[in-house]
Amino acid sequence: METKRWNIVNGKNIEEKIQEAAAILKTGEAVAFPTETVYGLGADATNSAAVGKIFQAKGRPQDNPLIAHVANKEQLYNLVTDVPDYVDKLIRSFSPGPITYVLPSNGTCAENVTAGLSTVGVRIPSHPVALALLKACNIPIAAPSANLSGKPSPTTAGHVWEDLNGKIAGVVDGGPTGVGVESTVIDCTQDIPVILRPGGISKEELEEVVGKVMIDPALEHAESKEKPKAPGMKYKHYAPEVPMWLIQGGSERMQAVHDELVAEGKRVGVLANRNTLEKLNVSEAISLGESPEEVAANLYDGLRRFRQEDVDIILCDTYQEIGIGQAIMNRLRKAASRYVER
Ligand code: TXA
Ligand code: MG
């Protein structure tokens, strides 16, 4: 299949291009588009054949449900039942934005969107291109991240192209996404909201609005035997091309592990903050920036940039698990093959 690419960053005729992409989505094809978190691979959420094309193109396990994207609160309510009051508060504070509400499905979304579960995840993205596309289609769009299953999520149209060119109908190129890690997924079927996947909105931010918020126990401890409630969280994910070790203990420890590996004849790449890199003596390095927000925004591009032809192993810094740091460490743990503790 030939994959179309609509450039709407500096391009002309933006409205026409959005209309064209929307029309293709409505015919039941899969089209990738930018959101404020990562690029999504969209299809008509009410059309199971269209949704099937997403699973096919990504090589996604059939038991992993998709998030339905809608343009506004009214459309969100049209997909679900039994919405607790706190969801209304969360919507007013954080939507449109990087947050997904898991609520009982009213059956509007196709069965393969929910992977047979009784609940559906719904989110209102804030990216202007995503919103324009959703408004132009006027249907709920099921969209997982637009990467091949298991690979780091795409934060540019180039990443999507690398993984899915020839497998999907098109990509809307809206430039790099902003947040860089996916939305926070919250189970809203209980009296107290439960975070199933940490993401763009932190636990601290949620608690300011609704008081107590819990975290799915399966996420709290790396060694937990509990089964995660978001099926996607049980898979290994975000894997770079070469093995990656997470190194605790700052620049000195990083330098020591690096030097040992180099002495063994390994080609080593380092992924770390600008500050840490300035203290290191290494030949291959990619800076993730400085603030936690910058690190989140640069993370997946960093994971994709180290290639087999250049390095045998990646060493990556660890981050404090507060604010967006919770999402960063959640993704890094899944991407890493080994955690070298202090
Ligand atoms: O930021 C995002 O959320 C991006 C953009 C494209 O919107 N989307 C995204 O989708 O990350 P995906 O499919 O890569 O991840 C969705 C996560 C998976 O872990 C899935 O298991 C979980 O949400 N999920 C979806 N529906 C669920 C449900 N009904 N119950 C529990 N977990 C659910
Ligand atoms: Mg994903």
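The sections below set out a description of the structure shown in this document. (Residues numbered from 1 in each chain as written. Chains lettered and ligands numbered in written order. Predicted model: local features only at pLDDT ≥ 70, side-chain atom pairs only at ≥ 80, totals over all residues. Heavy atoms only, no water.)

Digging into the sheet that holds strand β4 (residues 67-69)
Part 1 of the reasoning: As summarised here, the arrangement of the 11 strands in space is β1-β8-β2-β3-β7-β4-β6-β5-β9-β10-β11, forming an open sheet in which the pairing is mixed. In the strand order of this sheet, the two ends are held by β1 (4-7) and β11 (214-215), each with one partner.
Part 2 of the reasoning: Judged from the 3 bridges that link them, strand β2 (residues 31-33) and strand β3 (residues 40-44) form a sheet pairing that is antiparallel. Of the residues in β3, the one forming a bridge with Val 31 is Gly 42.
Part 3 of the reasoning: Relative to β3, helix α2 (residues 48-58) is tilted by about 150°, and along the sheet it contacts β3 and β7 (141-142). (Pairing = 2+ DSSP bridges. Helix = DSSP H or I, 4+ residues; strand = E, 2+ residues; numbered from the N terminus. Contact = heavy atoms within 4.5 Å. Axes fitted to C-alpha atoms, helices over the stretch in contact; angles between N-to-C directions.)

Thoughts on the packing of aromatic side chains
For any pair of aromatic rings, the description consists of the separation of the ring centres together with the inter-plane angle of the planes.
Part 1 of the reasoning: Applying the stated criterion across every chain, the model contains 1 aromatic pair.
Part 2 of the reasoning: Note on Tyr 238 and Tyr 300: the rings are 5.4 Å apart at their centroids and 10° apart in plane angle, and the pair reads as stacked. With a gap of 62 residues between them, Tyr 238 in the loop between α8 (217-220) and β12 (244-247) and Tyr 300 in helix α11 (residues 292-305) connect regions that are remote in the sequence.
Part 3 of the reasoning: Given the relative accessible area of 0%, Tyr 300 is considered buried.
Part 4 of the reasoning: The ring of Trp 161 has Arg 5 lying over it, and the distance from NZ or CZ to the ring centre is 5.0 Å.
Part 5 of the reasoning: The ring of Trp 245 carries the charged tip of Arg 338 above its face, separated from the ring centre by 4.2 Å. (Phe/Tyr/Trp six-rings, centres within 6.5 Å; stacked < 30°, edge-to-face > 60°. Buried < 20%, exposed > 50% of the residue type's maximum accessible area, 1.4 Å probe, protein only. Lys NZ or Arg CZ within 6 Å of the ring centre and 35° of its normal.)

Regarding a negative patch on the surface
Part 1 of the reasoning: Taken together, the side chains of Glu 204, Glu 205, Glu 208, Glu 293 and Glu 294 define an acidic patch exposed on the protein surface.
Part 2 of the reasoning: Looking at the negative patch, the elements with two or more residues in it are α7 (203-210) and α11.
Part 3 of the reasoning: In terms of residue count, α7 provides more of the negative patch than any other element does, 3 residues in total. (Patch = residues over 30% accessible without salt bridge, like charges linked within 9 Å, V, L, I, M, F, W, Y side chains within 5 Å. Areas by Shrake-Rupley, 256 points an atom, 1.4 Å probe, with all protein chains shown as cover. Salt bridge = Lys/Arg side-chain N within 4 Å of Asp/Glu carboxyl O. Lys, Arg positive; Asp, Glu negative; His and termini not counted. Charge placed at Lys NZ, Arg CZ, Asp CG, Glu CD.)

Considering the packing of helix α1 (residues 14-26) against helix α5 (residues 128-137)
Part 1 of the reasoning: One can describe the packing of α1 onto α5 by two numbers: an axis separation of 9 Å at closest approach and a directional angle of 55°. Compared by their axis directions, α1 and α5 come out oblique. Crossing hand, α1 versus α5: right-handed. Counting all contacts with α1, which are made through Ile 18, Gln 19, Ala 21, Ala 22, Leu 25 and Lys 26, the residues of α5 involved are Val 129, Ala 132, Leu 133, Ala 136 and Cys 137. (Parallel < 35°, antiparallel > 145°, perpendicular 65-115°, else oblique. Left-handed = near helix turned anticlockwise from the far one by under 90°.)

Quick word on the state of the cysteines
Any covalent bond linking the sulfur atoms of two cysteines counts as a disulfide.
Part 1 of the reasoning: All told, the structure shown has 0 disulfides when counted by the stated rule.
Part 2 of the reasoning: Left without a disulfide partner, Cys 137 is nearest to the cysteine sulfur of Cys 109, which lies 14 Å away.
Part 3 of the reasoning: Looking at Cys 137, the relative accessible area reads 0%, which means it is buried.
Part 4 of the reasoning: As a non-bridged cysteine, Cys 188 has Cys 109 as the owner of its nearest cysteine sulfur, 15 Å distant.
Part 5 of the reasoning: What makes Cys 188 buried here is its relative accessible area of 1%. (Disulfide = S-S within 2.5 Å.)

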